[in-house]
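Take a look at the letters that make up each chain.
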Amino acid sequence: MLTIRWGGGRAFIYTTNINYELALIFESFSLCAVNVFLILSGYFLCNRKDRDIIKIILLMGMTMGYGVFFYLIKNILTHSVTIGGIVRSLIPINYFVWLYCGVYVISPWINKMINNLRKKDFERLIVVLFIMFSLWPTVVDFYTSVSGTTIAEISFISANDNEAGYTIVQFIFAYCLGAYLKKYKLNFQKKFCFTGYVISFAVIYIFLHFSKSVMNYNNIFVILSAVFLTAYFQKIEIVSSQIINILAAQAFAVYIIHTKLYEVWSAIPLKDLLNKNLMVTFIVYVVSIMMMYIVSVCIAIIFSKLLSPVKKIIKKRVNLTYRIE
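What counts and what doesn't
Residues numbered from 1 in each chain as written. Predicted model: local features only at pLDDT ≥ 70, side-chain atom pairs only at ≥ 80, totals over all residues. Heavy atoms only, no water. Helix = DSSP H or I, 4+ residues; strand = E, 2+ residues; numbered from the N terminus. Rg over C-alpha atoms; globule rule 2.2 N^0.38 Å. Buried < 20%, exposed > 50% of the residue type's maximum accessible area, 1.4 Å probe, protein only. Areas by Shrake-Rupley, 256 points an atom, 1.4 Å probe, with all protein chains shown as cover. Core = buried A, V, L, I, M, F, W, Y, C linked by side-chain atoms within 4.5 Å. Contact = heavy atoms within 4.5 Å. Polar contact = N/O pair within 3.5 Å; in protein donor to acceptor, adjacent residues only side chain to side chain. Phe/Tyr/Trp six-rings, centres within 6.5 Å; stacked < 30°, edge-to-face > 60°. Lys NZ or Arg CZ within 6 Å of the ring centre and 35° of its normal. Axes fitted to C-alpha atoms, helices over the stretch in contact; angles between N-to-C directions. Parallel < 35°, antiparallel > 145°, perpendicular 65-115°, else oblique. Left-handed = near helix turned anticlockwise from the far one by under 90°. Nonpolar A, V, L, I, M, F, W, Y, C, P; charged D, E, K, R; others polar. Patch = residues over 30% accessible without salt bridge, like charges linked within 9 Å, V, L, I, M, F, W, Y side chains within 5 Å. Salt bridge = Lys/Arg side-chain N within 4 Å of Asp/Glu carboxyl O. Expected span 1.5 Å × (residues − 1). Bend = angle between axes of the 7 residues up to and from the residue.

Points about the overall build of the chain
Turning to step 1, where the next piece is worked out: Within the chain, the secondary structure is distributed over 14 helices and two strands.
Turning to step 2, where the next piece is worked out: In terms of overall dimensions, the chain is globule-like: its C-alpha atoms have a radius of gyration of 21 Å, near the 20 Å expected for 325 residues.
Turning to step 3, where the next piece is worked out: Viewed in the frame of its principal axes, the chain has a C-alpha envelope of about 60 × 55 × 45 Å.
Turning to step 4, where the next piece is worked out: Residues classed as buried in the chain amount to 42% of the 325 residues present.
Turning to step 5, where the next piece is worked out: Total accessible area on the chain stands at roughly 17900 Å², and carbon and sulfur atoms take up 69% of it.

Set out below in C-alpha coordinates:
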(Lines give C-alpha, C1' and ligand atoms only; values in the text may rest on other atoms or scores of the structure.)
Protein backbone atom coordinates (compact mmCIF):
# COMPACT_ATOMS: atom_id res chain seq x y z
CA MET A 1 0.00 0.00 0.00
CA LEU A 2 2.87 2.37 -0.68
CA THR A 3 0.53 3.72 -3.35
CA ILE A 4 -1.46 5.29 -0.51
CA ARG A 5 1.19 7.02 1.56
CA TRP A 6 3.80 9.58 0.54
CA GLY A 7 6.15 7.12 -1.18
CA GLY A 8 3.72 6.40 -4.01
CA GLY A 9 0.34 8.05 -4.25
CA ARG A 10 1.17 10.75 -1.66
CA ALA A 11 -2.30 10.50 -0.16
CA PHE A 12 -0.98 11.41 3.29
CA ILE A 13 0.35 14.67 1.88
CA TYR A 14 -2.50 15.59 -0.43
CA THR A 15 -5.55 14.72 1.67
CA THR A 16 -7.17 16.66 4.49
CA ASN A 17 -9.97 16.18 7.02
CA ILE A 18 -12.20 13.12 6.42
CA ASN A 19 -10.30 12.12 3.27
CA TYR A 20 -7.10 12.00 5.29
CA GLU A 21 -8.85 9.69 7.77
CA LEU A 22 -9.79 7.40 4.88
CA ALA A 23 -6.13 7.28 3.81
CA LEU A 24 -5.17 6.28 7.36
CA ILE A 25 -7.76 3.49 7.35
CA PHE A 26 -6.50 2.06 4.06
CA GLU A 27 -2.94 2.22 5.33
CA SER A 28 -3.83 0.65 8.68
CA PHE A 29 -5.40 -2.54 7.40
CA SER A 30 -2.75 -3.10 4.73
CA LEU A 31 0.42 -2.44 6.73
CA CYS A 32 0.77 -6.12 7.60
CA ALA A 33 1.34 -7.16 3.96
CA VAL A 34 5.15 -7.38 4.11
CA ASN A 35 5.09 -9.35 7.35
CA VAL A 36 2.41 -11.67 5.96
CA PHE A 37 4.66 -12.45 2.99
CA LEU A 38 7.58 -13.21 5.30
CA ILE A 39 5.43 -15.30 7.64
CA LEU A 40 4.19 -17.32 4.66
CA SER A 41 7.81 -17.82 3.58
CA GLY A 42 8.60 -19.36 6.95
CA TYR A 43 5.36 -21.35 6.79
CA PHE A 44 6.17 -22.98 3.45
CA LEU A 45 9.96 -23.22 3.70
CA CYS A 46 10.51 -24.32 7.30
CA ASN A 47 10.54 -28.05 6.51
CA ARG A 48 12.74 -27.83 3.43
CA LYS A 49 16.44 -28.58 3.80
CA ASP A 50 17.61 -27.54 0.34
CA ARG A 51 17.97 -24.14 -1.30
CA ASP A 52 18.59 -23.18 -4.91
CA ILE A 53 20.92 -20.21 -5.45
CA ILE A 54 19.58 -19.96 -9.00
CA LYS A 55 16.38 -18.55 -7.49
CA ILE A 56 18.41 -15.76 -5.91
CA ILE A 57 20.16 -15.05 -9.20
CA LEU A 58 16.87 -15.01 -11.11
CA LEU A 59 15.26 -12.75 -8.53
CA MET A 60 18.13 -10.27 -8.69
CA GLY A 61 18.08 -10.55 -12.48
CA MET A 62 14.35 -9.82 -12.51
CA THR A 63 14.89 -6.73 -10.36
CA MET A 64 17.62 -5.53 -12.70
CA GLY A 65 15.58 -6.32 -15.80
CA TYR A 66 12.56 -4.36 -14.67
CA GLY A 67 14.83 -1.50 -13.63
CA VAL A 68 16.24 -1.24 -17.16
CA PHE A 69 12.84 -1.76 -18.79
CA PHE A 70 11.14 1.05 -16.91
CA TYR A 71 14.16 3.31 -17.27
CA LEU A 72 13.98 2.89 -21.05
CA ILE A 73 10.21 3.37 -21.14
CA LYS A 74 10.52 6.62 -19.22
CA ASN A 75 13.58 8.07 -20.94
CA ILE A 76 13.04 6.96 -24.54
CA LEU A 77 9.93 9.13 -24.60
CA THR A 78 11.97 12.14 -23.46
CA HIS A 79 15.02 11.22 -25.58
CA SER A 80 17.22 11.22 -22.48
CA VAL A 81 18.63 7.67 -22.49
CA THR A 82 22.29 7.52 -21.49
CA ILE A 83 24.78 4.71 -20.93
CA GLY A 84 25.28 5.90 -17.37
CA GLY A 85 21.53 5.85 -16.79
CA ILE A 86 21.25 2.30 -18.09
CA VAL A 87 24.13 1.17 -15.87
CA ARG A 88 22.54 2.79 -12.81
CA SER A 89 19.18 1.20 -13.61
CA LEU A 90 20.90 -2.20 -13.59
CA ILE A 91 21.66 -1.86 -9.89
CA PRO A 92 19.00 -3.94 -8.08
CA ILE A 93 17.94 -1.23 -5.63
CA ASN A 94 15.20 -2.81 -3.54
CA TYR A 95 15.60 -3.34 0.19
CA PHE A 96 13.01 -6.12 0.28
CA VAL A 97 14.73 -8.19 -2.42
CA TRP A 98 18.11 -8.02 -0.68
CA LEU A 99 16.80 -8.83 2.77
CA TYR A 100 14.55 -11.60 1.52
CA CYS A 101 17.43 -13.18 -0.41
CA GLY A 102 19.53 -13.00 2.75
CA VAL A 103 16.89 -14.84 4.77
CA TYR A 104 16.40 -17.38 1.96
CA VAL A 105 20.11 -18.21 1.92
CA ILE A 106 20.46 -18.72 5.69
CA SER A 107 17.00 -20.22 6.29
CA PRO A 108 18.14 -23.89 6.14
CA TRP A 109 20.28 -23.26 9.23
CA ILE A 110 17.34 -21.49 10.87
CA ASN A 111 15.15 -24.49 10.03
CA LYS A 112 17.63 -26.91 11.54
CA MET A 113 17.66 -24.91 14.75
CA ILE A 114 13.89 -24.55 15.15
CA ASN A 115 13.16 -28.13 14.08
CA ASN A 116 15.42 -29.37 16.85
CA LEU A 117 13.65 -27.28 19.47
CA ARG A 118 10.90 -28.62 21.65
CA LYS A 119 7.61 -26.74 21.34
CA LYS A 120 8.10 -25.11 24.74
CA ASP A 121 11.61 -23.94 23.84
CA PHE A 122 10.44 -22.66 20.45
CA GLU A 123 7.72 -20.66 22.19
CA ARG A 124 10.31 -19.18 24.55
CA LEU A 125 12.41 -18.20 21.56
CA ILE A 126 9.43 -16.47 19.93
CA VAL A 127 8.71 -14.57 23.15
CA VAL A 128 12.35 -13.43 23.47
CA LEU A 129 12.45 -12.33 19.83
CA PHE A 130 9.14 -10.55 20.28
CA ILE A 131 10.33 -8.60 23.33
CA MET A 132 13.72 -7.68 21.88
CA PHE A 133 12.74 -6.93 18.30
CA SER A 134 9.12 -5.78 18.53
CA LEU A 135 7.99 -4.72 22.01
CA TRP A 136 11.06 -2.69 22.93
CA PRO A 137 11.40 -1.06 19.47
CA THR A 138 7.70 -0.14 19.55
CA VAL A 139 8.07 1.61 22.91
CA VAL A 140 11.27 3.41 21.95
CA ASP A 141 10.05 4.47 18.50
CA PHE A 142 6.74 5.75 19.84
CA TYR A 143 8.45 7.71 22.60
CA THR A 144 11.04 9.30 20.32
CA SER A 145 8.39 10.10 17.72
CA VAL A 146 5.98 11.74 20.16
CA SER A 147 8.67 13.54 22.16
CA GLY A 148 10.59 14.67 19.09
CA THR A 149 13.86 13.38 20.54
CA THR A 150 16.42 10.91 19.27
CA ILE A 151 18.01 8.34 21.55
CA ALA A 152 20.94 6.38 20.13
CA GLU A 153 22.56 3.17 21.37
CA ILE A 154 19.58 1.70 23.22
CA SER A 155 18.49 -0.72 20.51
CA PHE A 156 18.95 -4.47 20.10
CA ILE A 157 19.01 -3.94 16.34
CA SER A 158 21.56 -1.25 15.53
CA ALA A 159 23.67 1.46 17.17
CA ASN A 160 21.41 4.18 15.80
CA ASP A 161 17.80 3.03 16.12
CA ASN A 162 15.40 0.23 15.26
CA GLU A 163 15.45 0.99 11.53
CA ALA A 164 11.61 0.85 11.37
CA GLY A 165 11.74 -2.91 10.85
CA TYR A 166 13.62 -2.63 7.55
CA THR A 167 16.20 -5.12 8.80
CA ILE A 168 17.12 -8.75 8.35
CA VAL A 169 16.38 -9.11 12.07
CA GLN A 170 12.70 -8.37 11.42
CA PHE A 171 12.68 -10.66 8.37
CA ILE A 172 14.12 -13.57 10.38
CA PHE A 173 11.67 -12.94 13.23
CA ALA A 174 8.69 -13.02 10.84
CA TYR A 175 10.12 -16.16 9.19
CA CYS A 176 10.25 -17.85 12.61
CA LEU A 177 6.65 -16.83 13.28
CA GLY A 178 5.63 -18.54 10.05
CA ALA A 179 7.56 -21.67 10.98
CA TYR A 180 5.78 -21.77 14.33
CA LEU A 181 2.36 -21.43 12.68
CA LYS A 182 3.26 -24.33 10.41
CA LYS A 183 4.49 -26.62 13.16
CA TYR A 184 1.95 -25.67 15.84
CA LYS A 185 -1.28 -24.19 14.57
CA LEU A 186 -2.79 -21.61 16.90
CA ASN A 187 -5.71 -23.05 18.80
CA PHE A 188 -7.93 -20.10 17.92
CA GLN A 189 -11.26 -20.00 16.14
CA LYS A 190 -11.58 -18.11 12.85
CA LYS A 191 -13.76 -15.51 14.54
CA PHE A 192 -11.09 -14.87 17.16
CA CYS A 193 -8.36 -14.48 14.51
CA PHE A 194 -10.48 -12.11 12.46
CA THR A 195 -11.36 -10.07 15.55
CA GLY A 196 -7.68 -9.94 16.51
CA TYR A 197 -6.81 -8.62 13.05
CA VAL A 198 -9.56 -5.97 13.19
CA ILE A 199 -8.51 -4.81 16.66
CA SER A 200 -4.85 -4.66 15.60
CA PHE A 201 -5.49 -2.48 12.57
CA ALA A 202 -7.94 -0.34 14.58
CA VAL A 203 -5.20 0.33 17.14
CA ILE A 204 -2.79 1.17 14.29
CA TYR A 205 -5.34 3.63 12.90
CA ILE A 206 -5.76 5.32 16.30
CA PHE A 207 -2.03 5.57 17.00
CA LEU A 208 -1.33 6.96 13.52
CA HIS A 209 -2.88 10.20 14.79
CA PHE A 210 -0.07 10.49 17.34
CA SER A 211 2.94 8.90 15.67
CA LYS A 212 3.79 7.52 12.25
CA SER A 213 6.18 5.07 13.97
CA VAL A 214 3.20 2.73 14.25
CA MET A 215 3.75 2.04 10.53
CA ASN A 216 7.11 0.40 11.28
CA TYR A 217 7.20 -3.24 10.24
CA ASN A 218 8.46 -4.28 13.67
CA ASN A 219 5.64 -2.48 15.49
CA ILE A 220 3.72 -4.80 17.82
CA PHE A 221 0.35 -4.21 16.20
CA VAL A 222 1.65 -4.52 12.64
CA ILE A 223 3.12 -7.90 13.56
CA LEU A 224 0.00 -9.02 15.43
CA SER A 225 -2.25 -8.06 12.52
CA ALA A 226 -0.06 -10.16 10.20
CA VAL A 227 -0.13 -13.15 12.55
CA PHE A 228 -3.91 -12.98 13.05
CA LEU A 229 -4.56 -12.57 9.33
CA THR A 230 -2.31 -15.50 8.44
CA ALA A 231 -3.87 -17.66 11.16
CA TYR A 232 -7.34 -16.75 9.90
CA PHE A 233 -6.63 -17.92 6.35
CA GLN A 234 -4.82 -20.94 7.73
CA LYS A 235 -8.19 -22.13 9.01
CA ILE A 236 -9.93 -21.63 5.66
CA GLU A 237 -9.89 -24.46 3.16
CA ILE A 238 -9.08 -22.64 -0.06
CA VAL A 239 -9.97 -24.46 -3.26
CA SER A 240 -7.01 -24.56 -5.63
CA SER A 241 -7.53 -22.95 -9.01
CA GLN A 242 -5.35 -22.17 -12.00
CA ILE A 243 -6.03 -18.43 -11.74
CA ILE A 244 -5.01 -18.30 -8.05
CA ASN A 245 -1.85 -20.29 -8.81
CA ILE A 246 -0.90 -17.94 -11.67
CA LEU A 247 -1.47 -14.81 -9.58
CA ALA A 248 0.39 -16.27 -6.59
CA ALA A 249 3.37 -17.15 -8.79
CA GLN A 250 3.65 -13.51 -9.88
CA ALA A 251 3.43 -12.00 -6.38
CA PHE A 252 7.11 -11.12 -6.08
CA ALA A 253 7.27 -9.70 -9.61
CA VAL A 254 4.14 -7.62 -8.95
CA TYR A 255 5.79 -6.15 -5.86
CA ILE A 256 8.90 -5.16 -7.83
CA ILE A 257 6.92 -3.77 -10.77
CA HIS A 258 4.54 -1.67 -8.69
CA THR A 259 7.48 0.16 -7.11
CA LYS A 260 8.57 1.13 -10.63
CA LEU A 261 5.16 2.54 -11.52
CA TYR A 262 5.09 5.34 -8.94
CA GLU A 263 5.94 8.02 -11.48
CA VAL A 264 2.71 7.21 -13.29
CA TRP A 265 0.96 9.05 -10.45
CA SER A 266 2.70 12.29 -11.38
CA ALA A 267 0.64 12.37 -14.57
CA ILE A 268 -2.62 12.15 -12.62
CA PRO A 269 -4.12 15.15 -10.76
CA LEU A 270 -4.22 13.22 -7.48
CA LYS A 271 -4.29 16.29 -5.27
CA ASP A 272 -7.62 17.31 -6.78
CA LEU A 273 -9.09 13.82 -6.95
CA LEU A 274 -8.21 12.98 -3.35
CA ASN A 275 -9.93 16.05 -2.01
CA LYS A 276 -13.32 15.54 -3.58
CA ASN A 277 -16.18 14.22 -1.50
CA LEU A 278 -15.57 11.06 0.52
CA MET A 279 -17.20 8.70 -1.98
CA VAL A 280 -15.11 10.00 -4.88
CA THR A 281 -11.94 9.69 -2.82
CA PHE A 282 -12.85 6.14 -1.81
CA ILE A 283 -13.46 5.19 -5.45
CA VAL A 284 -10.13 6.78 -6.45
CA TYR A 285 -8.34 4.66 -3.84
CA VAL A 286 -10.02 1.42 -4.87
CA VAL A 287 -9.68 1.98 -8.62
CA SER A 288 -6.06 3.14 -8.40
CA ILE A 289 -5.06 0.16 -6.27
CA MET A 290 -6.87 -2.25 -8.59
CA MET A 291 -5.35 -0.68 -11.68
CA MET A 292 -1.88 -0.73 -10.15
CA TYR A 293 -2.27 -4.42 -9.41
CA ILE A 294 -3.82 -5.32 -12.77
CA VAL A 295 -1.16 -3.46 -14.76
CA SER A 296 1.62 -4.97 -12.62
CA VAL A 297 0.35 -8.54 -12.87
CA CYS A 298 -0.17 -8.23 -16.65
CA ILE A 299 3.41 -7.01 -17.12
CA ALA A 300 4.65 -9.79 -14.82
CA ILE A 301 2.78 -12.52 -16.72
CA ILE A 302 4.00 -11.25 -20.12
CA PHE A 303 7.63 -11.15 -18.99
CA SER A 304 7.23 -14.54 -17.31
CA LYS A 305 6.02 -16.11 -20.55
CA LEU A 306 8.74 -14.45 -22.61
CA LEU A 307 11.54 -15.48 -20.25
CA SER A 308 10.23 -18.94 -19.37
CA PRO A 309 12.45 -20.75 -21.95
CA VAL A 310 15.54 -18.94 -20.65
CA LYS A 311 14.71 -19.85 -17.04
CA LYS A 312 14.24 -23.49 -17.98
CA ILE A 313 17.61 -23.61 -19.74
CA ILE A 314 19.38 -21.98 -16.78
CA LYS A 315 17.77 -24.31 -14.25
CA LYS A 316 18.55 -27.33 -16.39
CA ARG A 317 22.19 -26.55 -17.05
CA VAL A 318 23.22 -24.83 -13.83
CA ASN A 319 22.99 -26.55 -10.48
CA LEU A 320 23.76 -24.36 -7.49
CA THR A 321 21.68 -26.09 -4.84
CA TYR A 322 22.85 -26.89 -1.32
CA ARG A 323 21.34 -28.94 1.44
CA ILE A 324 21.62 -28.71 5.22
CA GLU A 325 20.89 -32.00 6.99
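Digging into the nonpolar core
Turning to step 1, where the next piece is worked out: Judged by nonpolar contacts, the single largest core of 59 residues is most densely connected at Tyr66, Phe96 and Tyr100.
Turning to step 2, where the next piece is worked out: Those residues in contact with Phe96 that lie beyond four places of it in its chain are Val34, Phe37, Leu38, Phe171, Phe252 and Tyr255.
Turning to step 3, where the next piece is worked out: Residues Leu24, Ile204, Leu208 and Leu270 belong to the second largest nonpolar core, which totals 16 residues.

Comments concerning the environment of Asn115
Turning to step 1, where the next piece is worked out: Inspection of the secondary structure assignment puts Asn115 in helix H6 (residues 95–115).
Turning to step 2, where the next piece is worked out: Taking C-alpha positions, Asn115 is 13 Å from Leu177, a pair spaced 62 residues apart along the chain.
Turning to step 3, where the next piece is worked out: Not counting the four nearest positions on each side in its chain, Asn115 is found in contact with Cys46, Asn47 and Lys183.
Turning to step 4, where the next piece is worked out: Within the structure, the side chain of Asn115 is placed 3.3 Å from the side chain of Lys183, a separation counted as a polar contact.

What about the environment of Ile223?
Turning to step 1, where the next piece is worked out: Mapped onto the elements, Ile223 comes out in helix H10 (residues 220–234).
Turning to step 2, where the next piece is worked out: Spatially, the C-alpha atom of Ile223 lies 8.5 Å from that of Val36, the residues being 187 residues apart in sequence.

Considerations on the side chain of Thr63
Turning to step 1, where the next piece is worked out: Its place among the elements puts Thr63 in helix H4 (residues 53–77).
Turning to step 2, where the next piece is worked out: Thr63 sits in the buried class, given a relative accessible area of 2%.
Turning to step 3, where the next piece is worked out: Not counting residues within four places of it along the chain, the set of residues in contact with Thr63 comprises Pro92, Asn94, Val97 and Ile256.

Quick word on the packing of aromatic side chains
Turning to step 1, where the next piece is worked out: Counted under the stated rule, the structure contains 32 aromatic pairs.
Turning to step 2, where the next piece is worked out: The interplanar angle of 80° and the centroid separation of 6.4 Å between the aromatic rings of Tyr95 and Phe171 together place this pair among those described as edge-to-face. Of this pair, Tyr95 sits in helix H6 while Phe171 sits in helix H8 (residues 168–183), and the two are 76 residues apart along the sequence.
Turning to step 3, where the next piece is worked out: The exposure class of Tyr95 is partly exposed, given its relative accessible area of 27%.
Turning to step 4, where the next piece is worked out: Positioned over the ring face of Tyr104 is Arg51, at 5.4 Å from the centre of the ring.

Here's the deal with the packing of helix H3 (residues 33–45) against H8
Turning to step 1, where the next piece is worked out: One can describe the packing of H3 onto H8 by two numbers: an axis separation of 6 Å at closest approach and a directional angle of 50°. In terms of orientation, H3 and H8 fall into the oblique class. As H3 packs across H8, the resulting crossing turns out to be right-handed. Facing H3, whose interface residues are Asn35, Leu38, Ile39, Ser41, Gly42, Tyr43 and Leu45, H8 presents Gln170, Phe171, Ala174, Tyr175, Leu177, Gly178, Ala179, Leu181 and Lys182.
Turning to step 2, where the next piece is worked out: In the contact of H3 with H8, the residues fall into ten nonpolar, five polar and one charged.

Thoughts on a nonpolar patch on the surface
Turning to step 1, where the next piece is worked out: The grouping of Val127, Ile131, Leu135, Trp136, Val139, Tyr143, Ile151, Ile154 and Phe156 at the surface amounts to a nonpolar patch, some 780 Å² of accessible area in total.
Turning to step 2, where the next piece is worked out: Relative to the assigned elements, Ile151 resides in the loop between helix H7 (119–147) and H8.

Some thoughts on the pattern of salt bridges
Working definition: two side chains of opposite charge can pair if their charged atoms are close together.
Turning to step 1, where the next piece is worked out: This model, assessed by the stated rule, comprises five salt bridges.
Turning to step 2, where the next piece is worked out: Between Arg48 and Asp50 there is a salt bridge whose closest N-O contact spans 3.7 Å.
Turning to step 3, where the next piece is worked out: Among the residues examined, Arg48 registers a relative accessible area of 34% and is labelled partly exposed.
Turning to step 4, where the next piece is worked out: With a relative accessible area of 28%, Asp50 lands in the partly exposed category.

Examining helix H14 (residues 278–317)
Turning to step 1, where the next piece is worked out: Under the 1.5 Å per step criterion, the end-to-end length of H14 is 56 Å for 40 residues, consistent within 8% with the ideal 58 Å.
Turning to step 2, where the next piece is worked out: For H14, the principal kink sits at Leu307 and spans about 50°; a proline, Pro309, occurs within the next four residues.
Turning to step 3, where the next piece is worked out: Within the sequence span of H14, burial applies to Thr281, Val284, Tyr285, Ser288, Met292, Ser296, Val297, Ile299 and Ala300.
Turning to step 4, where the next piece is worked out: Among the residues of H14, the N-terminal cap falls to Asn277, whose side-chain oxygen and the backbone nitrogen of Met279 are separated by 3.1 Å.

That is the geometry; function is a separate question.
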